[in-house]
Amino acid sequence: MFGYIIVNKPEMKFKEFDLYQSYYCGLCKSLKDAYGRMGQMTLSYDMTFVILLLTSLYEPETVMTATRCAAHPLKRHCRRINQFSEYGADMNLLLAYYKCLDDWEDERKADRKAMALALGRKFQKAAQKYPQKEQIIRKNMNLIHECEKRMCLDFDLASGCFGEIMAEIFAWRRDEWEKELRHMGFFLGKFIYLMDAFEDVEQDQKTGNYNVFLKEYGQAGFSQKAEKILSMMMAECARAFERLPIVENTEILRNILYSGVWCRYELVKCRREGK
């Protein structure tokens with residue numbers, strides 16, 4: 001369930017992409033500082049969106065540096081780090097750990113089990129910092145597994161569990177913005193779950209793995225129905241975003257919400273249509 005919350009780079013200005021990338025690099029550094037090289041291997045763009053959203057809303061003090069790293073050894077690049085970089089690293093680690101366990105449960109991928117074992121102590125460290133959030137993530141991941149065992153094809157129920165996970169991650173603290181952040185995270189989480197199911201349904205039908213779209217896949221109008229459902233999820237997410245008093249970085253955030261999240265959908269759609 002990683003790799004969907006990304007930018008549509010061709011639609012961005014160079015300076016906007018550079019700024020977005022600087023927060024991604026800040027997340028990378030925060031993962032390394034808190035969880036070492038192994039933690040750094042869990043890096044994804046998805047949590048960069050959360051960091052940028054919370055930074056734009058709460059406007060914390062942010063440290064900007066120009067540095068080289070293993071990924072960019074020859075050229076200095078900008079890196080931005082603030083309290084949400086550290087928070088994003090903790091949430092990224094928790095999600096990555098449960099994603100590894102999920103892959104092991106679903107497909108018996110030995111490398112994913114090995115990764116989960118390697119992340120064990122680091123996971124405990126993150127869980128101790130945010131016990132309530134870890135508990136909610138664990139509870140809803142278990143509910144998703146229950147849906148899988150029962151072969152529950154109620155897409156609203158299964159996706160809602162992942163929606164609750166993202167709602168908890170978006171709600172950094174209890175304040176006047178918690179309601180909108182939870183609403184936003186909930187529907188973005190549902191979108192991520194359903195988009196993942198939409199992408200995997202062809203393979204899952206062949207292997208017999210659980211997928212909420214198994215019943216509809218192959219029927220006339222499946223892609224159109226799936227697109228309508230996904231659009232409804234993102235419409236609710238976008239409405240909540242527009243109600244937040246965000247001034248900074250709005251173009252980057254809108255690029256992701258209105259365009260970037262659809263990049264994988266378009267790739268999958270084109271592949272199935274043979275384009």
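Summary of the structure given here. Being a predicted model, the structure only gives us computed values, none of them experimental.

Section: the packing of helix α1 (residues 14-40) against helix α2 (residues 46-58)
Running from N to C, α1 and α2 point in directions that differ by 110 degrees, and their axes come no closer than 9 Å. On the basis of their axis angle, the class for α1 and α2 is roughly perpendicular. Every residue of α2 that contacts α1 at L19, Y20, Y23, Y24 and L27 is listed here: M47, T48, I51, L52 and T55. Considering only residue class, the contact of α1 with α2 consists of eight nonpolar, two polar and no charged.

Details of helix α10 (residues 250-258)
Among the residues of α10, those classed as buried are T250, I252, L253, N255, I256 and L257. In this structure, the buried side of α10 is in contact with α1, α2, α8 (178-207) and α9 (222-242).

A closer look at the packing of α8 against helix α11 (residues 263-272)
Put simply, α8 and α11 touch, their axes get as near as 10 Å, and they point 20 degrees apart. The orientation of α8 relative to α11 falls into the category roughly parallel. For the pair α8 and α11, the crossing hand works out as left-handed. Across the interface between the two elements, M195, F198, E199, V201 and E202 of α8 pack against R264, Y265, V268, R271 and R272 of α11. Here the residues of the contact of α8 with α11 are counted per class, giving five nonpolar, no polar and five charged.

Regarding the pattern of salt bridges
If you walk through the whole model with that rule in mind, you get 19 salt bridges. Across the salt bridge formed by D33 and K29, the nearest N and O atoms sit 2.8 Å from each other. Of the two residues, D33 and K29 are both situated in helix α1; the distance of four residues between them amounts to about one turn of the helix. Among the salt bridges present, the one from E202 reaches R272, with a minimum N-O distance of 3.9 Å. A residue pair is termed long-range when its members are at least 10 positions apart, and E202 in helix α8 and R272 in helix α11 qualify at 70 residues. Among the residues examined, R272 registers a relative accessible area of 24% and is labelled partly exposed. Each of the salt bridges in this network shares a partner with another, and the network as a whole consists of K133, E168, R174, E178 and R182.

Some remarks on the packing of aromatic side chains
In total, this model carries 18 aromatic pairs according to the counting rule given. For the ring pair F213 and F222, a centre distance of 5.7 Å and an interplane angle of 75 degrees mean the geometry is edge-to-face. For F222, a relative accessible area of 8% translates into the label buried. Joined through ring pairs, the aromatic side chains of F191, F198, F213, Y217, F222, W262 and Y265 make up one cluster. Over the ring of F17 we find K9; its NZ or CZ atom is 4.3 Å from the centre of that ring. If you follow R272 out to its NZ or CZ, it ends over the ring of F198, 4.6 Å from the centre.

Observations concerning unusual backbone geometry
Even without a glycine there, the phi angle at E59 is positive, about 50 degrees. Summarising the element assignment, E59 is placed in the loop between α2 and β1 (63-67). The phi dihedral of N249 falls on the positive side, at around 60 degrees, and the residue is not glycine. Structurally, the position occupied by N249 is in the loop between α9 and α10.

Overview of the state of the cysteines
The term disulfide refers to a covalent linkage connecting the sulfur atoms of a pair of cysteines. On inspection of all chains with the given rule, the structure shows zero disulfides. C237 takes part in no disulfide bond, and the closest cysteine sulfur, belonging to C263, lies 15 Å away. Of the residues examined, C237 reaches a relative accessible area of 0% and is grouped as buried. Free of any disulfide, C270 has its nearest cysteine sulfur in C263, 11 Å distant.

Some words on the environment of A238
Looking at the element boundaries, A238 is found in helix α9. Separated by 19 residues in sequence, A238 and L257 have C-alpha atoms that sit 6.7 Å apart.

Criteria and thresholds
- Residues numbered from 1 in each chain as written.
- Predicted model: local features only at pLDDT ≥ 70, side-chain atom pairs only at ≥ 80, totals over all residues.
- Heavy atoms only, no water.
- Axes fitted to C-alpha atoms, helices over the stretch in contact; angles between N-to-C directions.
- Helix = DSSP H or I, 4+ residues; strand = E, 2+ residues; numbered from the N terminus.
- Parallel < 35°, antiparallel > 145°, perpendicular 65-115°, else oblique.
- Contact = heavy atoms within 4.5 Å.
- Nonpolar A, V, L, I, M, F, W, Y, C, P; charged D, E, K, R; others polar.
- Buried < 20%, exposed > 50% of the residue type's maximum accessible area, 1.4 Å probe, protein only.
- Left-handed = near helix turned anticlockwise from the far one by under 90°.
- Salt bridge = Lys/Arg side-chain N within 4 Å of Asp/Glu carboxyl O.
- Phe/Tyr/Trp six-rings, centres within 6.5 Å; stacked < 30°, edge-to-face > 60°.
- Lys NZ or Arg CZ within 6 Å of the ring centre and 35° of its normal.
- Disulfide = S-S within 2.5 Å.

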